[in-house]
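Remarks on the overall topology
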Amino acid sequence: MGILFWASVFAIVYVYVGYPALLAAWARLAPRPVNKGFAAGSWPSISIVLAARNEAARLPGRVANLLNLPYEGSREIIVVSDGSTDQTRAALAGYCERGAIRLIEVPAGGKPLALNAGVAAATGELIVFADARQRFCDRALTALAANFADPAVGGATGELMLDCESGESTSTIGDGVGVYWKYEKWLRRNEGAIWSTLGATGAIYALRRSLWQPLPAETLLDDVLAPMRAVLSGWRVVFEEEATAEDRTAPDAAAEARRKRRTLAGNYQILAQAPRLLVPFANPVWLQYLSHKVGRLLVPWALLTVFATSAALAATSWTYAAAFVAQAAFYGLAVVGAWLDARDRQPDERFQRKLPVAASKEAR
Amino acid sequence: MTSALKRAARIAFTFVMMNYSALAGLFALRRGRKVWK
């Protein structure tokens, strides 16, 4: 039982401390810079694909944002309405009539099928994926596209900025999510610096159109599966921090838990969809994938094991007793946090609406 | 309760909630895709 305890402690410490330390050293000692930028007149054409369901209220503003972004190359905007039953068509009629966007209406089938339809209609060399809720910064398209001047780059993910990072969120879990999201982006930045990130941010990323393969309908993490397919084929997916999209934090723990549940279920699912991810010589980022993504799936089990084994062994040694007391104190603190969350929770109509699968899954 | 303690409590709660979600996600996945639609 002692071995189980220490093996679990090692797993937790490695995932949250050891791997980041290894990554930091790796990125410092062996960075692989990206050759960015195109000569004037040679910027690649882009197709912005936005899948949405019942987002009539947000889409006009979102399309205006996408149309107004400076970009030297040509662009097209494709909005895929995934079985919308609201006024999506009417809301976008003006843009469609003057040819600013193309609206594709498909039966409700979920985000993966909507994206498949959008990419099938796209003609750009690069596909830029966007969601309805966020806004891109002015440099987003240029910063994303610049990475594709490097022939090794197959994809580029932007940076999602949550309001809780700047302390502007009213979310009851803004503190925790803010810390987590900064940590997560730090990992992604360094993973991209040494070779490739392990996925992308669904709200803002770009992929060479030639690398797109239709997604299975049941896919939960389109923004991990599509980029990782490219990585498994030998391409890089890099983190571009100059391309940002702004978003709000989930209003409370319940909303965040739903989102995390879907994301982590997706992390299990993707192992079945792309088992090569677990094969050392088939996955160029095998160690990173195991340490980051698979590690996150193992940590909850390790936490349970550490708690149970330290409780069972507490009477045999001060070390186990101290470990048990420390965990009990930590979980007690978490209970206080749960109480604070329940106390401060405020209904937020914008988030109470059930988000369709087509909505963003960030922050992961 | 001090603001530092409150912040620590919220961060601890978020950590536990996220890890719980990994377990819940696994069980939800076993129920099939209708969970997500």
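None of the values given here were measured: they were computed from a predicted structure. (Residues numbered from 1 in each chain as written. Chains lettered and ligands numbered in written order. Predicted model: local features only at pLDDT ≥ 70, side-chain atom pairs only at ≥ 80, totals over all residues.)

Moving on to the overall build of chain A. On a plain count of helices and strands, chain A comes out with eleven helices and eight strands. For 364 residues, the compact-globule estimate of 2.2 N^0.38 gives 21 Å, and chain A sits close to it at 22 Å. Reported as C-alpha extents along the three principal axes, the dimensions of chain A are approximately 75 × 50 × 35 Å. Within chain A, buried positions represent 46% of all 364 residues. Pairs at least 24 residues apart make up 82% of the contacts formed inside chain A by residues separated by at least 6 positions. (Helix = DSSP H or I, 4+ residues; strand = E, 2+ residues; numbered from the N terminus. Rg over C-alpha atoms; globule rule 2.2 N^0.38 Å. Buried ≥ 20, exposed ≤ 12 C-beta atoms within 10 Å, placed from the backbone. Contact = placed C-beta atoms within 7 Å.)

The subject of this paragraph is the interface of chain B and chain A. With 25 residues of chain B at the contact, the number on the chain A side is 34 residues. Taken together, the residues that form the side of chain B that touches chain A break down as 16 nonpolar, four polar and five charged. (Nonpolar A, V, L, I, M, F, W, Y, C, P; charged D, E, K, R; others polar.)

We now examine the environment of A:Ala217. Residue and element names in this part refer to chain A. Mapped onto the elements, Ala217 comes out in the loop between strand S7 (204-208) and helix H7 (222-232). You can call Ala217 partly exposed: it has 13 C-beta atoms within 10 Å. Residues Ala217 and Phe281, spaced 64 residues apart in sequence, show a C-alpha to C-alpha distance of 28 Å. Among all residues touching Ala217, those that are not within four sequence positions of it are Gly109, Gly110, Pro112 and Leu113.

Turning to the pairing of S7(A), a few remarks are in order. All names here are of chain A. Within S7, four of the five residues are buried, leaving the element largely enclosed by the surrounding structure. Pairing of strand S4 (residues 126-130) with S7, which is carried by five bridges, proceeds in the antiparallel orientation. Residue pairing in the sheet places Leu126 in a bridge with Arg208 of S7. Relative to S7, strand S6 (residues 153-162) runs antiparallel, the two sharing three bridges. Counted as the bridge partner of Gly155 is Leu207 from S7. (Pairing = 2+ DSSP bridges.)

Packing of helix H10 (residues 318-344) of chain A against helix H1 (residues 3-30) of chain B leaves a shortest axis separation of 7 Å and a crossing angle of 100 degrees. As summarised for this structure, H10(A) and H1(B) are arranged roughly perpendicular, according to the angle between their axes. When H10(A) is examined against H1(B), the residues A:Phe330, A:Tyr331, A:Leu333, A:Ala334, A:Val336, A:Gly337, A:Ala338, A:Leu340 and A:Asp341 are found in contact with a partner set consisting of B:Lys6, B:Ala8, B:Ala9, B:Arg10, B:Ala12, B:Phe13 and B:Val16. Among the residues making up the contact of H10(A) with H1(B), the classes are represented as twelve nonpolar, one polar and three charged. (Axes fitted to C-alpha atoms, helices over the stretch in contact; angles between N-to-C directions. Parallel < 35°, antiparallel > 145°, perpendicular 65-115°, else oblique.)

The next subject is the pairing of strand S1 (residues 46-52) of chain A. Residues and elements named next belong to chain A. Taking burial as the measure, the seven residues of S1 include seven buried ones, the bulk of the element. Covered by surrounding structure in S1 are Ile46, Ile48, Leu50 and Ala52 together with Ser47, Val49 and Ala51, the residues of both alternating faces. Pairing geometry for S1 and strand S2 (residues 75-82), over seven bridges, is parallel. Its bridge partner lying in S2, Val49 is registered against Ile78. Here S1 pairs with S4 via five bridges, running parallel. Note on S4: the bridge partner recorded for Leu50 is Ala130.

Residues and elements named next belong to chain A. If you trace the eight strands from one edge of the open sheet to the other, you get S3-S2-S1-S4-S7-S6-S8-S5, paired in mixed fashion. With one partner strand each, in any of the chains shown, strand S3 (102-106) and strand S5 (135-136) form the two edges of the open sheet. Lying on the sheet, helix H6 (residues 174-194) is in contact with S6 and strand S8 (236-247); it crosses S8 at an angle near 150 degrees.

Attention shifts here to the packing of helix H9 (residues 286-313) of chain A against H10(A). Residue and element names in this part refer to chain A. Packing of H9 against H10 leaves a shortest axis separation of 8 Å and a crossing angle of 130 degrees. Taken as axis vectors, H9 and H10 run oblique relative to one another. Our pair here, H9 against H10, has a crossing hand that is left-handed. From H9, Val306, Phe307, Ser310, Ala311 and Leu313 reach across to H10, where they touch Tyr320, Ala323, Phe324 and Gln327. Its residues assigned to classes, the contact of H9 with H10 shows seven nonpolar, two polar and no charged. (Left-handed = near helix turned anticlockwise from the far one by under 90°.)

What follows concerns the environment of A:Leu67. All names here are of chain A. Tracing the chain through its elements places Leu67 in helix H2 (residues 59-68). By the C-beta count within 10 Å, which is 13 here, Leu67 ends up partly exposed. Taking the C-alpha atoms as reference points, Leu67 and Ala100, separated by 33 residues in sequence, lie 7.9 Å from one another. Once you skip the residues sitting within four places of it in the chain, Leu67 turns out to touch Ile77 and Ala100.

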